[in-house]
Amino acid sequence: MIPETFSVSRRDALRLLAGGTAAGLAAGLPASPASAAARAWSVTGRSATSLKPFDDALKRFMQARTIPHASLAVVRKGKLVLARGYNWTADTSFAAGPTSLFRVASLSKPVTAAAVLKLAQDGKLSLTAKVAPLLGLSTTADPRLASVTVTHLLQHLGGWDLDVSGDPMFSDRAVAAALGVPLPVTQAHIIEYTTRRKLDHAPGTTYAYSNYGYVLLQKIIEKASGVSYASYVQSKVLTPLKIKRMVLGRTGKSLRKSGEAPYFSQYTGKSVIDTSNSVVPFPYGGFNLENMAAHGGWLATAVDLAKFTTLFDAAGVLTSASISKAFAKPSIGVNSDGWYYGLGWQVRPVTGGRNTWHTGSLAGTSTLMVRRYDGLSWVVLFDQRDDASGLNYGDIDSQLHTAANSVKSWPTTNLFSTYGL
């Protein structure tokens, strides 16, 4: 089977990171990468001998890129069959396991989309609702903003294009300067800044990946539910699946949660979370993670996100009608090779069904979540997305498809209960 087209995912990952690696390079402050010479390989968690191709793939991939930590979970027909932590490091102060927390970056978007679908399903929100009146946004700068709908935001059709005007989620200093406010800027500042500017496209006419659109979805969830974004997601989406470990992350290194992976990057930059202008490792202040909650701020374990993928396998938290909406073709934006962005998922119709997936990328984070047409799903989380090798991190996609296709015998046990799910 031809794997997911990761060239698309790489492009979207770069768009996510107008302030990630690119900003680190612009700062001209590379940090010395850790030496691989003293590193040791270790694996934790549960699997089966027949699933060794997955272990082999992770070992090759991580060692080639000197990635310190990773976690992988594989589901087959609703059953968790592999739950692993992988470590390639000389530092024994942290060892990744199946329940280690990682920043998941844009794997947050399918979670946010599920919350929106749940609100719509419960009659608390219309997917065709106009965003500007719902959130009280001024349309003075661009009257076209009045026609942006909730669905436009979900499908990246709202009219904001980071290739044209930049990504406001990585423009903290520009936002602060324009509004005359100190760092750190807030989501309210970012919304005010962006609302004062013209859209790059007429709503509904151009697919352009937009982190900012998902910030507006966060505010819509809060408006429609009457509770905080995190509270709604946890109570209405995660808790019914017995997922209890997921939580929104924090920017500062000292604010890591118990069991959370450390994050690594070659690059440093000036902090955007205070006014000190201090130079920090890029994952710990080169961007403001708190502002990215709905589009890139969740912490999760691979096992928990693997359980999350099962939400879309059968009616439960979401009805079959809501699940169908998540993967329906948008009015525009179907690519020449057949993939499109649905409601929080990239979708490719294939013989026998459809493959759906999402990637995530931040300095210190590279993630992938895949649901295949044949009942296989997997989630892989890394705590690094750049290194001196220059190798592509997106290559893990095809390598995991290859590993899955080489498995001759699948275990029938279900490990979810082992990890409290």
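All values reported here derive from a predicted model rather than from experimental measurement.

A. Region of the structure containing the overall build of the chain. Within the chain, the secondary structure is distributed over 15 helices and 13 strands. Taking 421 residues into account, the globule formula puts the C-alpha radius of gyration at 22 Å, and the chain, at 20 Å, falls close to it. Based on the C-alpha atoms only, the size of the chain along its principal axes is roughly 60 × 50 × 40 Å. Among the 421 residues that make up the chain, the fraction classed as buried is 57%. In the chain, 72% of the contacts between residues at least 6 apart in sequence involve partners at least 24 apart. Of the accessible surface of the chain, which amounts to about 15,500 Å², a share of 53% is contributed by carbon and sulfur atoms. Each charge class in the chain can be summarised by its mean position, and for the 43 positive and 26 negative side chains these summaries are 6 Å apart.

B. Structural context of the sheet that holds strand β1 (residues 40-46). With respect to topology, 8 strands assemble into an open sheet ordered β1-β3-β2-β13-β12-β11-β10-β9, the strand pairing being antiparallel. Each having just a single partner strand, β1 and β9 (340-341) make up the two edges of the open sheet. Both β9 and strand β10 (residues 346-350) contribute to a ladder of 2 bridges, which runs antiparallel. Each residue of the ladder has a partner; that of Y341, found in β10, is Q346. Contacting β2 (69-76), β12 (365-371) and β13 (376-382), helix α15 (residues 396-406) crosses the sheet at an angle of about 140° to β13.

C. Summary view of the sheet that holds strand β5 (residues 247-248). Judged by pairing direction, the sheet is antiparallel, and its 3 strands sit side by side in the order β4-β8-β5 without closing on themselves. Lying at the two open borders of the sheet, with one neighbouring strand each, are β4 (102-103) and β5.

D. How the structure looks around the nonpolar core. Within the largest apolar cluster, 123 residues are counted, with the highest numbers of intra-cluster contacts made by F54, L72, L80, L305 and F308. Residue contacts for L80: discarding those within four places in its chain leaves A73, V74, V75, V303, A306, T413, N414, L415, F416 and Y419.

E. Structural detail: empty space enclosed by the protein. Applying the stated criterion to the full structure yields 2 cavities of 30 Å³ or more. When its volume is computed, the largest cavity comes out at roughly 60 Å³. Lining the largest cavity are L137, D142, L145, W160, T194, T195, R197, L199, Y212 and L216. Tallied by class, residues from the lining of the largest cavity come to 6 nonpolar, 2 polar and 2 charged.

F. Region of the structure containing the side chain of T112. Summarising the element assignment, T112 is placed in helix α4 (residues 108-121). T112 gets classed as buried once you look at its relative accessible area, which sits at 0%. When residues no more than four places from it in sequence are discounted, the contact partners of T112 are Y214, L217, I221, Y229 and A294.

Parameters and conventions
Residues numbered from 1 in each chain as written. Predicted model: local features only at pLDDT ≥ 70, side-chain atom pairs only at ≥ 80, totals over all residues. Heavy atoms only, no water. Helix = DSSP H or I, 4+ residues; strand = E, 2+ residues; numbered from the N terminus. Rg over C-alpha atoms; globule rule 2.2 N^0.38 Å. Buried < 20%, exposed > 50% of the residue type's maximum accessible area, 1.4 Å probe, protein only. Contact = heavy atoms within 4.5 Å. Areas by Shrake-Rupley, 256 points an atom, 1.4 Å probe, with all protein chains shown as cover. Lys, Arg positive; Asp, Glu negative; His and termini not counted. Charge placed at Lys NZ, Arg CZ, Asp CG, Glu CD. Pairing = 2+ DSSP bridges. Axes fitted to C-alpha atoms, helices over the stretch in contact; angles between N-to-C directions. Core = buried A, V, L, I, M, F, W, Y, C linked by side-chain atoms within 4.5 Å. 1 Å grid on protein atoms, 1.4 Å probe; cavity = no way out; pocket = protein on both sides within 12 Å on 5 of 7 lines; lining within 4 Å. Points joined across faces, edges and corners; volume = space filled by probe spheres on them. Nonpolar A, V, L, I, M, F, W, Y, C, P; charged D, E, K, R; others polar.

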